[in-house]
Amino acid sequence: MLENMRAFVAVAKAGSFTAAAEALNLATSVLTKRVSQLERAVGTALLHRTTRRVGLTAEGEYHLARITAAVSAYDETISAIRKGTQKLEGSIRIKVPSTLGLVRLNRLIRQFVNEHPGIDVEVLLLDGPLNPSAEGIDIAITAFPASFAGVADEFLWPLRRSLVASPEYLASKGTPEHPRQLAAHHCIVYQPTGASWSFLGETGVISVTVPSRLSSNDMLMLVDATKEGMGIGLLSDYVTAQDVKTGALTCVLPGFAVPDLWVKAMVPVERLHLPRVATLLRFLRLHGGDTPAASSPETND
């Protein structure tokens, strides 16, 4: 089955049975037989065959990255066993959200690369959830609750958030004393988490839908808008802590805690066992958060 998958990957990349057979040093008839055996085993056609060209079917395109990863994981495992060493080497593709990557993970990933000279790291700054298995990514960092089949959720650290505003805004518009009073204020909204804000009060959870004066998926833009007095923002502490410390921003409603989000790593299950991937996960879990997490949530709501 493994060699059948290897044959399929070669044909998909070459776009030709003849070219793939040459690359693998096999007879074209042998390569054709292996791909056919794979298709029979999975019960679907993976390749379109015409007299002029070979292309991927929809199923073949969808599963190509996963099959490629499975073959690569096998080859890397055999290579490591033959070398008889636990030396960390190879490459890692990691996807991180743009603001989190620039502000928090930038330094950490560079530190990891410096500490592990045998590992090459490719960093993709992308917002929003994606399936790392389908995209050929080893680790996808996110704070979204999305999950995918064949992908493990490895919780890393809680993402602290606070309600903040500039002193000038509060002097002009007044300081709310209860979350429900936010309906009468200008609010700065981070689009991925939306305009429905939740707080923890003495009697339980209080949910409020706030009016959006300005919204964006760029957290840094929203921090600047909040400092300029445009409204009250529910923003991550890692981008507001310094401004709160200097007095450029003031915490609002400190008696009503904001539930944490959880930053997690989505990892294709076939990549979890790779030493370099496991080592980077441990490194991020240890160094990435504000404080060590006592336990991980079962969901990321």
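Further up the page is the structure itself.
Residues numbered from 1 in each chain as written. Predicted model: local features only at pLDDT ≥ 70, side-chain atom pairs only at ≥ 80, totals over all residues. Heavy atoms only, no water.

Visitor: How would you summarise the environment of Val9 if you had to cite specific residues and measurements?
Guide: For Val9, the location among the structural elements is in helix 1 (residues 2-14). In this structure the C-alpha to C-alpha distance between Val9 and Gly60, which are 51 residues apart in sequence, comes to 9.7 Å. If near-sequence neighbours (up to four positions away) are discounted, Val9 is found in contact with Leu64, Ile67 and Thr68. (Helix = DSSP H or I, 4+ residues; strand = E, 2+ residues; numbered from the N terminus. Contact = heavy atoms within 4.5 Å.)

Visitor: Just give me the short version of the pattern of salt bridges, but keep the residues and values in it.
Guide: Using the criterion set out here, one finds 8 salt bridges in the structure. Between Glu39 and Arg49 there is a salt bridge; the shortest N-O distance is 2.9 Å. Of this pair, Glu39 sits in helix 3 (residues 28-42) while Arg49 is found in strand 1 (residues 47-49), placing the two residues 10 residues apart along the sequence. Judged by relative accessible area, which is 38%, Arg49 ranks as partly exposed. Taking the shortest distance from any N to any O, the salt bridge between Arg93 and Glu122 comes out at 3.1 Å. (Salt bridge = Lys/Arg side-chain N within 4 Å of Asp/Glu carboxyl O. Buried < 20%, exposed > 50% of the residue type's maximum accessible area, 1.4 Å probe, protein only.)

Visitor: Before we move on, can you summarise the packing of helix 1 against helix 3 with the specific residues and values?
Guide: With their axes 8 Å apart at the nearest point, helix 1 and helix 3 run at an angle of 110 degrees to one another. For the element pair helix 1 / helix 3, the angle class is roughly perpendicular. Along the contact surface, helix 1 presents Glu3, Asn4, Met5, Ala7, Phe8 and Val11, while helix 3 presents Leu31, Arg34, Val35, Gln37 and Leu38. Here the contact of helix 1 with helix 3 is built from residues that sort into 7 nonpolar, 2 polar and 2 charged. (Axes fitted to C-alpha atoms, helices over the stretch in contact; angles between N-to-C directions. Parallel < 35°, antiparallel > 145°, perpendicular 65-115°, else oblique. Nonpolar A, V, L, I, M, F, W, Y, C, P; charged D, E, K, R; others polar.)

Interpretation in functional terms is not warranted from these geometric data alone.
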